[in-house]
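# Structural overview
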Amino acid sequence: MSDTARVLMNKLNLAKERKSGPSEKDFQSSVGFLWSVGQKVTQGKVAPSRSEASDDLSSILATFNISSDGKKGADRAIDRLLEVGLWDVATHPNTSGGPVEVVQLAPEYSDFIDTEPQWAASVVSAVLTRFFPGPSKEFLDNIGLEGFARGRLYSSLLPQTGEWFSKRLGISAEYGGDWVRGIVRFEDGYVSAFSKTSSPYADKVIQSTGWIAYVGDGLYGDQNLISGNWKMAECQDQRIPVRFWRGDDKRGYRFETWAVIVQRRRQWGIDKYDNERKEYVWVLAPVPSPDVESWPISIRDALDDDMAKFYDETRELVGEDVEGFVQDELEVGLRGLVESYACLNSRASEAEMVRRATSTTRKIQDYFRSPSARKAVMQRSGGRCESPECLGHPYERSVNGDPMLEVDHVRDLAQGGKDVPVNMIALCPNCHALKTRGENKDELRKALVKAARDKHQKLISG
């Protein structure tokens, strides 16, 4: 990274952690900086007097609702920019020949725009996205950057998409941030999410969407909304895209794509030491660049339409192993089974209402299955294949004592089926294969629909 670019980013507080979002002073001084760059690059502009600069800035702050005290906010921004050395005061002759004090970009930063235009555009892009994501043409025109921005913003941001680094340490040395954690913020303010094929995390691409289910920060124990996870939440709330990196043990790390966070979920998972824990999963939708106008309509619709910004699946089951179902969990007695099944069915039905509350994110919702529904079906099965036509080994156990059963949807989710126990059935591997690929699968499916419904109604009715 250019040394001057690094200094500018630090002075503008781009990488500063903000639990309550950027301060009003940050907004004011960032507008002042952008406006001064506009003064520099706009043809025919000369450095203004302080009073002229204050008038221009106060008008911009008021027009775009950036500051509640226009003139004072503009003066504070000027004072701050002068104090940190981004602006400079110089004496120019006025039209009558007398001296007048003018404010402008400090000489080293003015030269920076001329000598390092790519990094200058990168800094401007970072400031715009950090404080004014999706800036309008009117805003850019008011600060004098509409012409400068055209064709330069976002495309000039470094690193470039597809760029490889042999080690995380090299990325950190060039762009800042931690070289160990999975989620870090670079000096330009953008957050990077790192994934690695050899990592204990289970980051996966959601089928038929190309979107990414990215497991949050924290190798062991329950994950909390702190550190990297808090950074991701901030990006989701402000619709600021993140850089998604994928690494392998041979080539290193590749900046794969920009991505916007569509959903935040919390679910049960397994940590580095094979212990059950609560973990965050961030649904990342790849986008071409940080420019909102470049995002596909389907992604923008998903952001607008998703009614479940945060869905906590761990509320469905508390303190239970949602992956393993050993024999003592199955033998709960008839009364206990009826009560447990009714409770789990209710939780799964509530979750299904959230899942079906939006159409544009349905494929994502279908990817995240209800642990309550699966638990209910396994308890209902009593550890035995629920197919009435099972001719295999319905009570077969794995080496660790768990039933060799696979919970499947009788009517597939892709066909409009619901993720609730009445539409699910526990099958041995042989019956599951017959349901999926058997020559009589249609007839078997009809029998399974009836079997699941009958077993469900029997338990629900008590």
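Overview of the structure.

Let us now look at the pattern of salt bridges. Evaluation of the coordinates by the stated rule reveals 17 salt bridges. For Glu 234, the salt bridge is made with Arg 130, and the minimal N-O distance between the two is 3.7 Å. Here the residue Glu 234 occupies a position in helix H10 (residues 227-238), and Arg 130 occupies one in helix H6 (residues 117-131), the gap between them amounting to 104 residues. For the pair formed by Glu 234 and Arg 130, the shared burial category is buried. Between Asp 304 and Arg 239 there is a salt bridge whose closest N-O contact spans 2.9 Å. Here Asp 304, found in helix H11 (residues 297-305), pairs with Arg 239, found in the loop between H10 and strand E8 (242-248); they are 65 residues apart in sequence, far enough to count as distant.

All right, on to the packing of aromatic side chains then. Counted according to the given criterion, the structure contains 18 aromatic pairs. With a centroid separation of 5.9 Å and an interplanar angle of 70 degrees, the aromatic rings of Phe 27 and Phe 131 are classed as edge-to-face. One end of the pair, Phe 27, is in helix H2 (residues 24-41); the other, Phe 131, is in helix H6, with 104 residues separating them in the sequence. For Phe 131, a relative accessible area of 5% corresponds to the buried category. Summarising the aromatic geometry, the rings of Tyr 175 and Phe 186 are spaced 5.9 Å apart at their centres and angled 20 degrees between planes, so their arrangement reads as stacked. A residue pair is termed long-range when its members are at least 10 positions apart, and Tyr 175 in helix H9 (residues 168-175) and Phe 186 in the loop between strand E4 (183-185) and strand E5 (191-196) qualify at 11 residues.

The set of residues buried in H9 consists of Arg 168, Ile 171, Ser 172 and Tyr 175. Across the axial projection of H9, the buried residues extend over an arc of 95 degrees, all falling on one side. Following H9 by one or two positions, Gly 176 adopts a phi angle in the positive range, close to 90 degrees.

What follows concerns the nonpolar core. Within the largest apolar cluster, 89 residues are counted, with the highest numbers of intra-cluster contacts made by Phe 33, Leu 34, Trp 87, Tyr 214, Met 232 and Leu 284. Tallying contributions element by element places H6 first for this core, with nine residues. In this structure Leu 34 touches Val 124, Val 127, Leu 128, Phe 132, Ile 143 and Leu 145, once residues within four positions along its chain are discounted. By size, the runner-up hydrophobic cluster in this structure holds 18 residues, among which are Cys 385, Met 424, Cys 428 and Leu 448.

Geometrically, the link from Leu 158 to Pro 159 is a cis peptide bond, its omega value of 0 degrees lying close to zero. As for its placement among the helices and strands, Pro 159 is situated in the loop between helix H8 (146-149) and strand E3 (164-165). Its identity as a non-glycine residue notwithstanding, Asn 13 has a phi of 60 degrees, on the positive side. By the secondary structure assignment, Asn 13 is in the loop between helix H1 (3-11) and H2. One non-glycine residue, Asn 65, lies in the positive phi region at around 50 degrees.

Mapped onto the fold, Met 1 is located in the segment before H1. On a C-alpha basis, the gap between Met 1 and Leu 158 in space is 8.3 Å, while along the polypeptide they are 157 residues apart. Apart from residues lying up to four places away in sequence, Met 1 is in contact with Arg 6, Met 9, Trp 119, Glu 174, Tyr 175 and Glu 187.

Right, let's get into the packing of H2 against H6. Where H2 meets H6, the closest approach of the two axes is 11 Å, and the angle between their N-to-C directions is 150 degrees. Considering how the two elements wind past one another, H2 and H6 form a crossing that is left-handed. Residues Asp 26, Phe 27, Ser 30, Phe 33, Leu 34 and Val 37 of H2 pack against Val 123, Val 124, Val 127, Leu 128 and Phe 131 of H6. Looking at side-chain class alone, the contact of H2 with H6 contains nine nonpolar, one polar and one charged residues.

Right, let's talk about a nonpolar patch on the surface for a bit. Taken together, the side chains of Leu 169, Trp 179 and Val 180 define a hydrophobic patch exposed on the protein surface, amounting to about 350 Å² of accessible area. Positionally, Val 180 belongs in the loop between H9 and E4. Looking at Val 180, the relative accessible area reads 62%, which means it is exposed.

This paragraph deals with helix H17 (residues 441-460). One full turn of an α-helix is made of 3.6 residues, so residues set three or four places apart face in the same direction. Taking 1.5 Å per residue, 20 residues should reach 28 Å; H17 reaches 28 Å between its end C-alpha atoms and fits that length. Every buried residue of H17 is accounted for by Leu 444, Leu 448, Ala 451, Ala 452, His 456 and Leu 459. Within H17, the buried residues cover an arc of 125 degrees as seen down the axis, which keeps them to one side. Facing away from the buried side of H17 by more than 90 degrees, the exposed set consists of Asp 442, Lys 446 and Lys 458.

About the criteria used
- Residues numbered from 1 in each chain as written.
- Predicted model: local features only at pLDDT ≥ 70, side-chain atom pairs only at ≥ 80, totals over all residues.
- Heavy atoms only, no water.
- Salt bridge = Lys/Arg side-chain N within 4 Å of Asp/Glu carboxyl O.
- Helix = DSSP H or I, 4+ residues; strand = E, 2+ residues; numbered from the N terminus.
- Buried < 20%, exposed > 50% of the residue type's maximum accessible area, 1.4 Å probe, protein only.
- Phe/Tyr/Trp six-rings, centres within 6.5 Å; stacked < 30°, edge-to-face > 60°.
- Arc of directions from axis to C-beta.
- Core = buried A, V, L, I, M, F, W, Y, C linked by side-chain atoms within 4.5 Å.
- Contact = heavy atoms within 4.5 Å.
- Axes fitted to C-alpha atoms, helices over the stretch in contact; angles between N-to-C directions.
- Left-handed = near helix turned anticlockwise from the far one by under 90°.
- Nonpolar A, V, L, I, M, F, W, Y, C, P; charged D, E, K, R; others polar.
- Patch = residues over 30% accessible without salt bridge, like charges linked within 9 Å, V, L, I, M, F, W, Y side chains within 5 Å.
- Areas by Shrake-Rupley, 256 points an atom, 1.4 Å probe, with all protein chains shown as cover.
- Expected span 1.5 Å × (residues − 1).

Note that every value here comes from positions in space, so none of it alone points to a role or purpose.
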